[in-house]
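Residue-level listing of the chains:
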Amino acid sequence: MDTYKLSEGALRTIMQGGQVDCPIMQVLGSKKIATISSDKERYRILLSDGLFHISFAMFTTQINEKMESGELPMFSVIKIKQYITSVVNNAGRSDKRVLVILDLEVIASGDKVTKKIGEPEPLPEDDLSNTATKQAASKPNVSHEASCQPTTSKGHPNRVTLNQSLQDQLTHPISSLTPYQNKWIIKARVTNKSNIRTWSNSRGEGKLFSMDLVDKSGEIRATAFRDLVDKFYDYLEIDKVYYISKCQLKPANKQYSSLKNDYEMTLTNESIIQLCEDDVDSVPQTRYNFLTVDKIGQMEPGSFVDVIGVCKAVSDLQTFQARSTGRELKKKELTLVDHTDNAISVTLWGQEAENFDGTSNPIIAIKGAKVGEFGGGKNLGTTMNGILKVNPDIPEAHRLRGWYDNSGMHKEMKNLSARTGGNFDTPWMNFKEVREQNLGHSESGDYFQVCATILLLRSENLLYKACPVEECNKKVIDMENGMFRCEKCCRESPNFKYRLLGNVNVGDFSGNQWLTMFSSEVEKVLGMSAAEVGKAYDEDKSALAEIANKANFKQFVFRCRAKYEVYNDENRLKTVAVRVDPVNRKEYNVYLISEINQLMGN
DNA sequence: CCCCCCCC
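As the structure is a computational prediction, the values presented were derived from the model and not from experiment. (Residues numbered from 1 in each chain as written. Chains lettered and ligands numbered in written order. Predicted model: local features only at pLDDT ≥ 70, side-chain atom pairs only at ≥ 80, totals over all residues. Heavy atoms only, no water.)

Caption draft 1: Summary view of the overall build of chain A. For chain A, the count of helices and strands is 14 helices and 32 strands. With 602 residues in all, chain A has 45% of them scored as buried. Looking at chain A as shown, the accessible area adds up to about 31900 Å², and 48% of this sits on carbon and sulfur atoms. (Helix = DSSP H or I, 4+ residues; strand = E, 2+ residues; numbered from the N terminus. Buried < 20%, exposed > 50% of the residue type's maximum accessible area, 1.4 Å probe, protein only. Areas by Shrake-Rupley, 256 points an atom, 1.4 Å probe, with all protein chains shown as cover.)

Caption draft 2: Molecular detail of helix 11 (residues 519-526). Turning to helix 11, its buried residues are Ser519, Glu521, Val522, Val525 and Leu526. Looking down the long axis of helix 11, one finds its buried residues gathered within 160° of arc, a one-sided arrangement. Following helix 11 by one or two positions, Gly527 has its phi on the positive side, about 70°. (Arc of directions from axis to C-beta.)

Caption draft 3: Summary view of the pairing of strand 13 (residues 263-266). By the alternation rule, side chains of strand 13 split into Tyr263 and Met265 and Glu264 and Thr266, which are all buried. Bridge analysis of strand 10 (residues 219-225) against strand 13 gives 2 bridges, and the strand direction is parallel. Note that in strand 13 the partner of Ala222 across the bridge is Met265. Sheet topology places strand 12 (residues 248-251) next to strand 13; 4 bridges connect them, and they run antiparallel. Paired with Leu249 across the bridge in strand 13 is Met265. (Pairing = 2+ DSSP bridges.)

Caption draft 4: Local environment of the packing of aromatic side chains. Evaluated as defined, the whole model comprises 11 aromatic pairs. Ring centres of Tyr235 and Tyr242 lie 5.7 Å apart, and the angle between their planes is 65°; on these two criteria the pair is classed as edge-to-face. For the pair Tyr235 and Tyr242, one class covers both residues: buried. Relative to Phe290, the ring of Tyr288 has its centre 4.5 Å away and its plane inclined at 15°; by these criteria the two rings are stacked. The buried category is assigned to Tyr288, whose relative accessible area is 18%. Judged by its relative accessible area of 22%, Phe290 is partly exposed. In textbook terms, an aromatic cluster arises when at least three aromatic residues are bridged by ring pairs, as seen for Trp428, Tyr588 and Tyr591. Note that Lys541 overlies the ring of Tyr537, its terminal NZ or CZ placed 4.5 Å from the centroid. (Phe/Tyr/Trp six-rings, centres within 6.5 Å; stacked < 30°, edge-to-face > 60°. Lys NZ or Arg CZ within 6 Å of the ring centre and 35° of its normal.)

Caption draft 5: Focus on the packing of helix 12 (residues 530-539) against helix 13 (residues 543-551). Where helix 12 meets helix 13, the axes come as close as 8 Å, and the angle between the chain directions of the two elements is 140°. By the angle between their axes, helix 12 is oblique relative to helix 13. When helix 12 is examined against helix 13, the residues Val533, Ala536 and Tyr537 are found in contact with a partner set consisting of Ala543, Leu544 and Ile547. Of the residues belonging to the contact of helix 12 with helix 13, the class tally is 6 nonpolar, no polar and no charged. (Axes fitted to C-alpha atoms, helices over the stretch in contact; angles between N-to-C directions. Parallel < 35°, antiparallel > 145°, perpendicular 65-115°, else oblique. Contact = heavy atoms within 4.5 Å. Nonpolar A, V, L, I, M, F, W, Y, C, P; charged D, E, K, R; others polar.)

Caption draft 6: Molecular detail of the environment of Arg399. The residue Arg399 is located in helix 9 (residues 395-406) in this model. Through-space distance from the C-alpha of Arg399 to that of His339 is 9.3 Å; in sequence the pair is 60 residues apart.

Caption draft 7: Highlighting the protein's contact with DNA strand B. Lining the immediate environment of DNA strand B, one finds 23 residues, of which Arg221, Lys250, Phe320, Lys331 and Met384 sit closest. Here a sugar or linking oxygen of DNA strand B sits 2.8 Å away from a polar atom, N or O, in the side chain of Arg197. Arg226 is positioned such that a nitrogen or oxygen atom in its side chain is 2.8 Å from a base oxygen of DNA strand B. Contributions of two or more residues to the surface near DNA strand B are made by strand 8 (197-201), strand 10, strand 17 (328-337), strand 18 (342-349) and strand 19 (363-374). Per element, the largest residue contribution to the surface near DNA strand B is 3 residues, and it comes from strand 10. Split by residue class, the surface near DNA strand B holds 9 nonpolar, 5 polar and 9 charged. (Near = heavy atom within 4 Å. Polar contact = N/O pair within 3.5 Å; in protein donor to acceptor, adjacent residues only side chain to side chain.)

Caption draft 8: Region of the structure containing the nonpolar core. With 34 residues, the main nonpolar core has Phe448, Ile454, Leu457, Met517 and Phe558 as its most contacted residues. In terms of nonpolar packing, the next biggest core, distinct from the first, is built from 29 residues, Ala10, Met15, Phe59 and Met67 among them. (Core = buried A, V, L, I, M, F, W, Y, C linked by side-chain atoms within 4.5 Å.)

Caption draft 9: Representation of the confidence of the model for chain A. Confidence along chain A averages 84 in pLDDT terms, with 87% of residues attaining 70 or more. Taken element by element, the predicted model of chain A shows its lowest mean pLDDT in helix 4 (residues 130-147) (33) and its highest in strand 18 (96). Contacts for the low-pLDDT stretch residues 129-166, under 50 throughout, to residues beyond four places or in other chains number 52 contacts. (pLDDT = per-residue confidence, 0-100.)

Caption draft 10: Main features of unusual backbone geometry. A positive phi angle, near 45°, is found at Asn361, a position not held by glycine. Non-glycine residue Asn461 carries a positive phi angle of around 65°. Structurally, the position occupied by Asn461 is in the loop between strand 23 (446-457) and strand 24 (463-466). Asn461 sits in the exposed class, given a relative accessible area of 57%.

Caption draft 11: Layout of the sheet that holds strand 23. Taken together, the 5 strands give a closed barrel; going around it, the order is 23-29-30-32-31, and neighbouring strands pair in mixed fashion. Taking the axes of each pair of neighbouring strands and ignoring which way they run, one obtains an average angle of 55° across the sheet. Sheet topology note: the strand 23/strand 29 (residues 502-508) ladder contains 4 bridges and is antiparallel. The residue bridging Leu456 from the neighbouring strand is Asn505, located in strand 29.

Caption draft 12: Structural context of the side chain of Asn342. By secondary structure assignment, the location of Asn342 is in strand 18. By relative accessible area, which is 7% here, Asn342 ends up buried. Of note is the side chain of Asn342, whose polar atom sits 2.9 Å from the backbone oxygen of Thr340. Leaving out residues up to four positions away in the same chain, Asn342 has contacts with Val293, Asp294, Leu336, Val337, Met413, Lys414 and Leu416.

Caption draft 13: Region of interest: the environment of Gly507. When you line up the elements, Gly507 lands in strand 29. Once the C-alpha coordinates of Gly507 and Cys451 are considered, the two residues, 56 residues apart in sequence, prove to be 8.6 Å apart. Beyond its immediate sequence surroundings of up to four residues, Gly507 is in contact with Phe431, Ala452, Thr453, Leu455 and Asn512.

Caption draft 14: Structural context of helix 9. End to end, helix 9 covers 17 Å across 12 residues, agreeing with the expected 16 Å (1.5 Å per residue, within 8%). Among the residues of helix 9, Ala397, Leu400, Trp403 and Tyr404 are the ones counted as buried. Each buried residue of helix 9 sits inside an arc of 125° when the element is viewed along its axis, so together they form one side. What points out from helix 9, more than 90 degrees from its buried face, is the exposed set Pro395, Arg399 and Asn406. If you follow the buried residues of helix 9, they end up packed against strand 15 (304-314), strand 17 and strand 19. (Expected span 1.5 Å × (residues − 1).)

Next comes the structure, spelled out in C-alpha cells:
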C-alpha cells in the first residue's frame, strides 16, 4: 500500500496565525453543520496533519460540492492550496480560530488510503486559546483597522500604509465570507451601484441603495439603509476598489439576485469602507457566468442569467401605458444571437432603452438578465440590478465578433422567443376588471381567466343533434322522415351525434357575465358526456332542466376569449369560455397572494 | 429593513 507524507505540525503553525505553503493533510471525518434558514449545507471537517488534528475546519461553498458528490471520502489525503484562518466569537466563550479551506487538490481518495495516517492527537487547547490567537493576530488587526477609518473627505482618503504581504494576509476572499464569522476584511471592486430608492410599506419606510462587490474569489451584493445611505453613497464609486469590513452577512434571496453567492451583506454603523488605490488591477472587473443562448430555453421564468451575444436587430423605441400602474413605459426590443445559432429577444427599459444604439450589430453582454416567458417563448429583460455592456473588451466578445462577421450574420437562427401559440400567461381577472378594461376590440380577441361560480346554466338549447361527420359539428335539420340534413356538408344521413352548447351565467364577488361554451367544456361542467345527456333526454324529455340545475353553484376556472362580433347589424361583445377547469387551488392562491401583496403595497 | 423592474 502507498504511504503518504503529511505536513506534520503544520496545523499548529496555521492555527497560531502562521503561514504554511500547500500543506498536505488527511480528512478524518466530517459532520454537517446545522445552518440558519434554507441555506446550503456546510460541513465541519476533522483534519489531521499526522501529528495533530482539529475538528473545526470548514470549506467554502464550491468545495462543499466536492463533499456532496463524494469526492472527499474519509481518509482522503489533500493538498491545501489556499486557506485562511478566522477568529470567531464563540458565543461568549473564548474566541476560536477556524480554518477555512478555499482551494484544495485531492492527492489520494480515502477509498484508496483506507486508514488513518500516524497517531494524531487533538491540537492542544493552548495552541488555540484566546491568548495565543490574539498574540498572533493582534498586531495586523490593530494596524489595519487604524488605517481603515472611514473618511468623508472624498479627495483625501487616508493612505493605506500596510505593506503588500501584510495586506494579502489580512484580506479575505469574498467566497470565504459566512454569517458564522465576522472578523474579515475584503478588498473588492464595486462593479455596480444602484440609485438611491425610497420605499414605504406596512413595515415602515426609508431609503436604500445596493451595490455589487467583486474580487478574485467571487462576488456579493451589499445593501445600505437609511442614514448609512448618506454616509456611504457618494464615497462609493463604480469600478473603484475598497477595503470593506464589519458588515452583516445573511442568506441571499435568490429570487432577487443574480450574483453567485449564498449570502449578501448589509452595511451597519460599524462598517468600515476605505478606498484602496494599491494593486487595484489584481481585483477583477465584472464577473460573468455566461450561458449560451440555447441554454436559456431551459431556464425557469424569473431566474437570472448572464448572457453575451450579437445584437442582430433592434426595434424602435416604443411608448405605452402599464396596465397595472398606468405609468408610461418605454422599451426597446433587441434580438440577441450567438454561435449556438439561437436567437432570443431582450427588452431594455426606460433610459437604457432610449440611449441604446443597436446599429452596426454591437456585442451585448448582460449580467443578471431576467428570464421571462411570453406566448410559450422565452425572453430576457434587463433590470435595475443588472449590468449591460456594449462591445466589452473581453475574449468572449472578440470571439463572437469574429463568428458573426465571418459566418453568423448569414445563418438562420432558431428563435427561442417565438410564440408557440399555447394559452400561456393568460391574465387572471375578476369581472369588475373585465368590465373596466373594455376588452374585445383586438383582432384575435382578448384572453383572460376568472375563477367564478355558475349562477345559471340554461337548459334551453343545451342539447342539439349534430352532423355525425367527425370534424363537422353543425346542427342538423330533422327531415321528419328518419333522415337528418347537414347544410354544411350538403348531405343527409340516417344518424346524428348529440352535442352540448353551454349558455351560462357565471359570477364572482365583483360581477357576473354570460358565457358560451363548446360541447367538450359543458361535459366537464356537467360531469356527463353529450351522449349520456342525449340518452337521458331520449328517455325523458324533461331531464335537461334537472341536469342543467345540477351545474349551478359549482366553481370553476373559466379561460375566456372576449371579442366584439357583428350580429344582426349590431356590434356586441361575445365571451366564449374556451376552457373550463376545476380550480387548481395552489395556482389560484399564487394569484391571490400577488393581488394581496399589491394591495398592501409590498 | 428592499425585492417595484412593467407591454404584447
